[in-house]
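Structural description and commentary
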Amino acid sequence: MSRASRPQSQAANEGLRSLFNLAGRVAVITGGAGLLGMKHAEVIAAAGGTSVLVDLPQACPEDRAVELSKKCHCDSFGIAANIANPGEVDAVSDAILRKYSRIDILINNAANNPKMEASSDGEWSRLENFSLEVWDADLRVGLTGAFLCSRTFGLEMAKRGKGVILNIASDLAVIAPDQRLYRKDGLPESEQPVKPITYSVVKSGILGLTRYLATYWANAGVRVNAISPGGVYNGQPQTFVTRLQQLIPMGRMANVDEYQGAILFLCSDASSYMTGANLIIDGGRTCW
Ligand SMILES: NC(=O)c1ccc[n+]([C@@H]2O[C@H](COP(=O)([O-])OP(=O)(O)OC[C@H]3O[C@@H](n4cnc5c(N)ncnc54)[C@H](O)[C@@H]3O)[C@@H](O)[C@H]2O)c1
C-alpha cells in the first residue's frame, strides 16, 4: 500500500466500523433473559450499546443483566415485566427513560415456543385438542406483547425521529411446520405431538406487524425489520436433529451465536436503507 493511500483506507475502515457502532444506544430486548435474548444482548454490548433485558420475574432478568455486564464489561439493565400487560410495558418504559433518557432499539423477541421435540405429552398440541386458553396465551405474548412494546417504545423513537425495531420471527413464519419432525415411536396418531398452530400464526403475524409498522413510521425515522431464524441446536433429541438436518441444505441446525451478525446489521446504521424486510437465516431450509 502506498503512503498516500493509507490515510484514505484508514478513513474507510473507520467509516465502516462506525456503521456498526452502537455506542450510546439503548436496546430493549423482550424475553431478554432467554437463550437467544442473551445472545442478542451480547452483540449489542460488543458494539458498545446498552441492553435492557425485559423478561418474566421467574426468568430473573435482573440477575441475567448482572451476568451480562460482568461477562461483556458493559452496562446493562434487567427489568421483570410481563409484556402482555400494557401497564407493565408503560412501567418498563418509564424506568428506562428515568435511567437513560432514551430508547433507540427494540427487539421483539419474547414468544412461547414449546419444545415439542422433547415432549412426552403432546396430545394437547394437536389441533383437535388445542385449547382456547393456550391459543389466547400464546397470541397474548407473541403478538399482543410485540404490539404493545412496539406502540410504546416505537412511539418514543418516532418522537425523537430515530430508532429501530427488530422482530424475531422464525422459518415457520415462511413455511408450515413439518409435523413428521416431532413424531414419537409407539404413540397412536391421536397422541402424536405437533408444533402448535399458534407458533405459525404468531410468527406469520409478526411479519405483518413488521410491514405495517415499517410503512407507518417510514417517514418518522423508525425502521422496522424482521429476521426468520431456523432452529438453534440446544441439546435436542438426536432423532429430531437427524430428521431436521435432512430438511436443511446446509445439513445442520444453527449454532446459538449465528444470528448475532444479522442482529447487529439490522439494529445498526449498517442497514440504514432497509425497512419492512424479513431476513431469512435458515441454512437454506426454506429454499427446499
Ligand atoms: N431457539 C430457536 O431455535 C428459535 C428458532 C427460531 C425462532 N426463535 C424465536 O426466537 C425467540 C427467542 O427464542 P429462545 O429460543 O431464546 O426462547 P426462550 O424460551 O429461551 O426465550 C423466550 C423468553 O421470553 C420470555 N417471555 C415469555 N413470555 C413473556 C412475557 N409475557 N413477558 C416477558 N417475557 C416473556 C421467557 O421467559 C423467555 O425467557 C422466540 O421468539 C422464538 O420463537 C427461536
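Everything below is about the structure printed above this text.
Below, the structure is looked at part by part. (Residues numbered from 1 in each chain as written. Predicted model: local features only at pLDDT ≥ 70, side-chain atom pairs only at ≥ 80, totals over all residues. Heavy atoms only, no water.)

This next bit is on the overall build of the protein. Within the protein one finds eight helices and seven strands. Rg of the C-alpha trace for the protein: 20 Å, near the compact-globule value of 19 Å for 288 residues, within the 12% margin. Along the longest, intermediate and shortest principal axes, the C-alpha atoms of the protein span 70 × 50 × 40 Å. Within the protein, the proportion of its 288 residues that are buried is 47%. If you sum the accessible surface of the protein, you get close to 13800 Å²; carbon and sulfur atoms cover 54% of it. In the protein, 28 side chains carry a positive charge and 28 a negative one; their mean positions are 9 Å apart. (Helix = DSSP H or I, 4+ residues; strand = E, 2+ residues; numbered from the N terminus. Rg over C-alpha atoms; globule rule 2.2 N^0.38 Å. Buried < 20%, exposed > 50% of the residue type's maximum accessible area, 1.4 Å probe, protein only. Areas by Shrake-Rupley, 256 points an atom, 1.4 Å probe, with all protein chains shown as cover. Lys, Arg positive; Asp, Glu negative; His and termini not counted. Charge placed at Lys NZ, Arg CZ, Asp CG, Glu CD.)

The next point concerns the site of the ligand. Close to the ligand lie 22 residues, the nearest being L36, D55, N82, N109 and Y199. In the model, an oxygen atom of the ligand is placed 2.7 Å from a nitrogen or oxygen of the L36 main chain. Within the side chain of N82, an N or O atom sits 2.7 Å from a nitrogen atom of the ligand. Coverage of the ligand by the protein amounts to 87% of the 820 Å² it exposes when considered alone. Broken down by secondary-structure element, the contributors of at least two residues to the shell around the ligand are α2 (35–46) and α6 (197–216). (Near = heavy atom within 4 Å. Polar contact = N/O pair within 3.5 Å; in protein donor to acceptor, adjacent residues only side chain to side chain.)

This part is about the sheet that holds strand β4 (residues 105–108). Sheet architecture is open: seven strands sit in the order β3-β2-β1-β4-β5-β6-β7, paired in parallel fashion. Edge positions in the sheet fall to β3 (76–80) and β7 (278–281), since each has one partner strand and no second. When strand polarity is set aside, the average angle formed by the axes of neighbouring strands in this sheet is 15 degrees. In the sheet, strand β1 (residues 26–30) pairs with strand β2 (residues 50–55) via five bridges, with the strands oriented parallel. The residue of β2 that forms the bridge with V28 is V52. The sheet contacts of helix α4 (residues 86–100) involve β1, β2 and β3, and relative to β3 the element is tilted by about 155 degrees. (Pairing = 2+ DSSP bridges. Axes fitted to C-alpha atoms, helices over the stretch in contact; angles between N-to-C directions. Contact = heavy atoms within 4.5 Å.)

Further remarks concern the side chain of H40. One can find H40 in helix α2. Residue classification places H40 among the buried positions, given a relative accessible area of 2%. There is a polar contact of 3.0 Å between the side chain of H40 and the side chain of N109. The residues touching H40, leaving out its near neighbours within four places in the chain, are I29, I107, N109, I168 and I263.

Inspection of the secondary structure assignment puts V89 in helix α4. For V89, a relative accessible area of 2% puts it in the buried group. Taking C-alpha positions, V89 is 7.1 Å from L148, a pair spaced 59 residues apart along the chain. Among all residues touching V89, those that are not within four sequence positions of it are N82, I83, L148, C149, T152 and F153.

Note on backbone geometry: most residues besides glycine have negative phi, and most peptide bonds are trans. Although it is not a glycine, C60 adopts a positive phi angle of roughly 50 degrees. The topology assignment puts C60 in the loop between β2 and α3 (61–72). Positive phi values are uncommon outside glycine, yet H73 reaches one of about 50 degrees. Mapping H73 onto the fold places it in the loop between α3 and β3. Residue H73 is classed as exposed on the basis of its relative accessible area of 73%.

What follows deals with α4. Taking 1.5 Å per residue as the helical rise, α4 with its 15 residues ought to reach 21 Å, and the 21 Å between its terminal C-alpha atoms agrees with that figure. Taken together, the buried positions of α4 are occupied by V89, V92, S93, A95, I96 and Y100. Projection of α4 onto a plane perpendicular to its axis shows the buried side chains occupying an angular sector of 165 degrees, all on one side. Of the surrounding secondary structure, the elements contacted by the buried residues of α4 are β1, β2, β3 and α5 (132–160). Measuring from the backbone nitrogen of G87 back to the side-chain oxygen at the start of α4 gives 2.9 Å, which picks out N85 as the cap. Of the residues one or two after α4, S101 is the one with positive phi, at around 65 degrees. (Expected span 1.5 Å × (residues − 1). Arc of directions from axis to C-beta.)

Inspection of the entire model under this criterion finds five aromatic pairs. Ring geometry for Y212 against Y216: centres 5.9 Å apart, planes inclined by 15 degrees, an arrangement best described as stacked. Here Y212 and its partner Y216 are both found in helix α6, four residues apart, which amounts to about one turn of the helix. Y216 matches Y212 in its accessibility class, with the two residues each being exposed. Where Y216 meets W217, the ring centres are 6.1 Å apart and the plane angle is 75 degrees; that geometry is what we call edge-to-face. Among the aromatic side chains, those forming a connected cluster through ring pairs are Y212, Y216 and W217. Above the plane of the ring of F77 lies K99, whose end atom (NZ or CZ) is 5.0 Å from the centre. Note that K195 overlies the ring of Y199, its terminal NZ or CZ placed 4.5 Å from the centroid. (Phe/Tyr/Trp six-rings, centres within 6.5 Å; stacked < 30°, edge-to-face > 60°. Lys NZ or Arg CZ within 6 Å of the ring centre and 35° of its normal.)

Note that all results are geometric; they support no functional claim without further evidence.
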